[in-house]
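What follows is each chain in one-letter form.
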Amino acid sequence: MSLKKDILAELKENGGFVSGEALARQFSKSRAAVWKAVKALRKDGYVIEAVTNRGYRFSSENDILSADIIKSRLSCGVNVYYYDSIDSTNTQAKRLISEGDCADMLLVADEQTNGRGRQGKSFYSPAQTGIYMTLVIHPDIKLQNAVTATTAASVAVCRAIEGLTDLKPKIKWVNDVYLNGRKICGILTEAVSDFETGTVSSVIIGIGMNISTVNFPSDVENAGSLGVNVRRADLIAEIANELMKITLGDYKSFIDYYRSRSLILGKKITYIENSKAVSATALEIDEAGGLTVQKENGEILTLRSGEISIRKA
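Anyway, here's the lowdown on the structure attached to this text. (Residues numbered from 1 in each chain as written. Predicted model: local features only at pLDDT ≥ 70, side-chain atom pairs only at ≥ 80, totals over all residues. Heavy atoms only, no water.)

## With respect to the packing of helix α1 (residues 3–14) against helix α2 (residues 20–27)
Where α1 contacts α2, the two axes come as close as 11 Å, and the packing angle between them is 120°. Between α1 and α2, the interaxial angle falls into the category oblique. Here α1 runs over α2; the crossing is right-handed. In this structure, α1 contributes L3, D6, I7 and E10 to the contact, and α2 contributes L23, Q26 and F27. Here the contact of α1 with α2 is built from residues that sort into four nonpolar, one polar and two charged. (Axes fitted to C-alpha atoms, helices over the stretch in contact; angles between N-to-C directions. Helix = DSSP H or I, 4+ residues; strand = E, 2+ residues; numbered from the N terminus. Parallel < 35°, antiparallel > 145°, perpendicular 65-115°, else oblique. Left-handed = near helix turned anticlockwise from the far one by under 90°. Contact = heavy atoms within 4.5 Å. Nonpolar A, V, L, I, M, F, W, Y, C, P; charged D, E, K, R; others polar.)

Structure representation (structure tokens):
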């Protein structure tokens, strides 16, 4: 571990002021090296207070994540796992399930090195600038109904954002959350099924949201960020609380909200059918979250999965 990470961990754990001399002695480094490490931490965005004759302190203004902080804000009883960095919270959830963890759980990471999106796409997940979380529930519902958890997740995200900010996000079917015409959040839902009973034993709901991310890779299109000052722990907990309320109750209770936040109803869209792009108009969203569309030849059908794009006028 680098001196910068050592000092960061010590200041977080201590909570109070720690002198530069004590840090230098603890890590067998010079006072100058300690100062350079603190300066580097500040450049990374951390707020480190410095007071003469008292030393350094990790400021309460920092937007930090930990299992204890998140759990203190939850109203639902789930186990919480926090990782400074991990390949993917969804992938880690699958590992825990395969190891026999059968409890409802919330996994949160400050950074993902191999964040996953739908249809094999990646989700850019840099440290400190976003929310990368996975909620695992065990609903014991019929396999064909598990996909509604995806719709529920987008509703939970929008409700949480509206509850903590003045923003009004929109939902692009089936589960992308948009703000000011740009995608700020993606959702990846995966089911672990019991083929003997035909039921879903676990539903893995992964949510990635850009909070303050600015510099996106060149292959990431139309991405945006929430762009407001909100603590990630508060938003993570609020999303989890909202999602548990929905998944433990009647799925139909949230569909009107989902429709009211739709970005696409009444608009011209394109979707893929038999490997070909098909033009259609988005008509309505049914009780199960399916998108009813009318093709240019007049045929009406309901999409249950897949990707759509809004056609430019």
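## Re the pattern of salt bridges
Throughout the structure, instances matching the rule amount to 15 salt bridges. A salt bridge links D63 to R232; its shortest N-O distance comes to 2.9 Å. Remark: R232 occurs in helix α7 (residues 232–247) and D63 occurs in the loop between β2 (55–58) and α4 (67–72); sequence separation between them is 169 residues. A relative accessible area of 2% means that R232 is categorised as buried. (Salt bridge = Lys/Arg side-chain N within 4 Å of Asp/Glu carboxyl O. Buried < 20%, exposed > 50% of the residue type's maximum accessible area, 1.4 Å probe, protein only.)

## Remarks on the layout of surface pockets
Quantified by volume, the largest pocket comes out at close to 1,200 Å³. As for the largest pocket, its lining consists of 44 residues, of which K121, S122, K183, V220 and E221 are closest to the centre. Put simply, the parts of the chain that give the lining of the largest pocket at least two residues each are α5 (89–98), β5 (130–137), β8 (176–179), β9 (182–194), β10 (199–210) and β15 (308–310). The leading source of residues in the lining of the largest pocket is β9, at six residues. Here the residues of the lining of the largest pocket are counted per class, giving 17 nonpolar, 17 polar and 10 charged. (1 Å grid on protein atoms, 1.4 Å probe; cavity = no way out; pocket = protein on both sides within 12 Å on 5 of 7 lines; lining within 4 Å. Points joined across faces, edges and corners; volume = space filled by probe spheres on them.)

## Focus on the nonpolar core
Of all hydrophobic cores here, the largest spans 64 residues; its most connected members are L106, M209, L235 and L291. Contacts of L106, omitting those with residues within four sequence positions, involve I70, L74, V78, N79, V80, Y81, M133, T134, L135, I236 and A240. Core analysis: the next-biggest nonpolar cluster, separate from the first, contains 16 residues, I7, L8, V18 and I48 among them. (Core = buried A, V, L, I, M, F, W, Y, C linked by side-chain atoms within 4.5 Å.)

## Observations concerning the sheet that holds strand β12 (residues 276–285)
A sheet is described by the order of its strands in space; here five strands give the open sequence β14-β13-β12-β11-β15, paired in antiparallel fashion. Of all the strands in the sheet, the pair left with one neighbour each is β14 (300–303) and β15. Averaged over all neighbouring strand pairs, the angle between strand axes comes to 45°, with direction disregarded. Of the strand pairs in this sheet, strand β13 (residues 291–295) and β14 are connected by four bridges, and their pairing is antiparallel. Each bridged residue has a counterpart across the sheet, and for T292 the counterpart in β14 is T302. (Pairing = 2+ DSSP bridges.)

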